[in-house]
Amino acid sequence: MRSEDALANIDVAVLAGGLGTRIRSVLGDTPKVLAPIAGRAFLGHLLDYLSTYGSRRVVLCLGHLADRVTAWLARGDSAGTIDVVCQIEPRPLGTAGALGYVRKELRSSTILVVNGDTFLDADLRAFVASHRLSGAEASVLCVTVEDASRFARVEIGPDSRVRSFPAKAAGAGTINAGVYLFSAAFLDRFIAAGAVSLERDVLEKLPPGTLNAHVAKARFLDIGTPESLATAASVIAGREP
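Basis of the calculations
- Residues numbered from 1 in each chain as written.
- Predicted model: local features only at pLDDT ≥ 70, side-chain atom pairs only at ≥ 80, totals over all residues.
- Heavy atoms only, no water.
- Axes fitted to C-alpha atoms, helices over the stretch in contact; angles between N-to-C directions.
- Helix = DSSP H or I, 4+ residues; strand = E, 2+ residues; numbered from the N terminus.
- Parallel < 35°, antiparallel > 145°, perpendicular 65-115°, else oblique.
- Left-handed = near helix turned anticlockwise from the far one by under 90°.
- Contact = heavy atoms within 4.5 Å.
- Nonpolar A, V, L, I, M, F, W, Y, C, P; charged D, E, K, R; others polar.
- Pairing = 2+ DSSP bridges.
- Phe/Tyr/Trp six-rings, centres within 6.5 Å; stacked < 30°, edge-to-face > 60°.
- Buried < 20%, exposed > 50% of the residue type's maximum accessible area, 1.4 Å probe, protein only.
- Lys NZ or Arg CZ within 6 Å of the ring centre and 35° of its normal.
- Core = buried A, V, L, I, M, F, W, Y, C linked by side-chain atoms within 4.5 Å.

Where helix α4 (residues 94-102) meets helix α6 (residues 184-192), the axes come as close as 10 Å, and the angle between the chain directions of the two elements is 110°. Classified by the angle between their axes, α4 and α6 sit roughly perpendicular to one another. The interaxial crossing formed by α4 with α6 has left-handed handedness. Residue-level contacts link Ala96, Leu99 and Gly100 of α4 to Leu187, Phe190 and Ile191 of α6. Class assignment for the residues of the contact of α4 with α6 results in 5 nonpolar, 1 polar and no charged.

Moving on to the sheet that holds strand β5 (residues 83-88). Read from one edge of the open sheet, 7 strands run β5-β4-β1-β6-β11-β8-β12, paired in mixed fashion. Each edge of the open sheet is held by one strand with a lone partner, namely β5 and β12 (212-216). Here the average twist between neighbouring strands, direction ignored, is 25°. Pairing geometry for strand β1 (residues 11-16) and strand β6 (residues 110-115), over 5 bridges, is parallel. Counted as the bridge partner of leucine 15 is asparagine 115 from β6. With respect to the sheet, helix α2 (residues 42-52) is in contact with β1, β4 (57-62), β5 and β6, its orientation differing from that of β4 by roughly 150°. Running at roughly 130° to strand β8 (residues 138-145), helix α5 (residues 124-134) makes contact with β6, β8, β11 (173-183) and β12 of the sheet.

Looking at the element boundaries, isoleucine 111 is found in strand β6. Measuring from C-alpha to C-alpha, the distance between isoleucine 111 and alanine 230 comes to 31 Å, with 119 residues separating the pair along the chain. What isoleucine 111 contacts, discounting residues up to four positions off in sequence, is Ile10, Asp11, Leu106, Tyr180, Leu181, Phe182, Ala184 and Leu187.

The next thing to look at is the packing of aromatic side chains. Applying the stated criterion across every chain yields a total of 7 aromatic pairs. On the numbers, 5.9 Å between centres and 80° between planes, the contact of phenylalanine 182 with phenylalanine 190 is edge-to-face. Neither phenylalanine 182 nor phenylalanine 190 differs from the other in exposure class; each is buried. Ring pairing ties together the aromatic residues Tyr180, Phe182, Phe186 and Phe190, which thus form one cluster. We note lysine 104 situated over the ring of tyrosine 101; from NZ or CZ to the ring centre the distance is 5.3 Å.

The next subject is the nonpolar core. Formed by 53 residues in total, the largest nonpolar core has its most connected members in Leu7, Leu43, Leu50, Leu112 and Leu124. The element best represented in this core is α2, accounting for 6 residues. Not counting residues within four places of it along the chain, the set of residues in contact with leucine 43 comprises Val33, Leu34, Leu60, Val69, Trp72 and Leu73. Of all hydrophobic cores here, the second largest spans 30 residues; its members include Leu99, Ala138, Val162 and Phe182.

Right, let's get into the pairing of β6. With 6 of its 6 residues buried, β6 lies for the most part within the structure. Alternating positions in β6 separate into two faces, Thr110, Leu112 and Val114 on one and Ile111, Val113 and Asn115 on the other, with burial throughout. Note that β6 and β11 share 5 bridges and pair antiparallel. The residue bridging valine 113 from the neighbouring strand is tyrosine 180, located in β11.

With that settled, the discussion passes to unusual backbone geometry. Negative phi is the rule for most residues except glycine; trans is the rule for most peptide bonds. In this structure, leucine 65 takes a positive phi of about 60° despite not being glycine. By the secondary structure assignment, leucine 65 is in the loop between β4 and α3 (66-74). Residue class for leucine 65 comes out buried when judged on its relative accessible area of 17%. Of note, the phi angle at serine 160 is positive, near 65°, even though the residue is not glycine. Among the secondary structure elements, serine 160 is positioned in the loop between β9 (155-156) and β10 (162-164). When its relative accessible area of 34% is taken as the criterion, serine 160 is described as partly exposed.

Take a look at the structure:
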């Protein structure tokens, strides 16, 4: 499998419907997914990244300030190599609920799910290969960071399966980077169960050993706070902040 073909037959769902309350003081009425970074909207950088791995179809799960995102797309500010479908939830549905709302637009047998406020320059070809080789119905992309205090830590066994999601704590650690590969059957089961939060209602309740973990050596960026947004340009440009 070539890198440029890794996502050729995998639909991508981008979770971008959050309220962005922690960063509203900086962005105002600009949704997080359109945060200006290095002279360009964050979504543009994200779509370019997905495009390098052959992504052909992206479903944007929108909510708060969705009209700003659709207007940005209408202006043709993205590269245009990906078919981008917008779905606007009628009310905040949570991360799992949002996937349920857009389920009809996700046509592939495997779905890549990406948080719309994080970025990491991980090798998605390696992630797809890890998922397939594992035989698991669901995989999570993980990364090691120097300060894991804001993020969901992941305890991984020697078999590369998730054992637990320990409580948040200061210090270095391996975290959930907010990028997942799900089989369509796995997706359908938690949607049918009425899950609201992908993290709390789905992942954290899986029996130990169910979820495959792929740990990538990659720079990780969460643009959810003013402090992390300030480092975004240097991370996306490939430089350490």
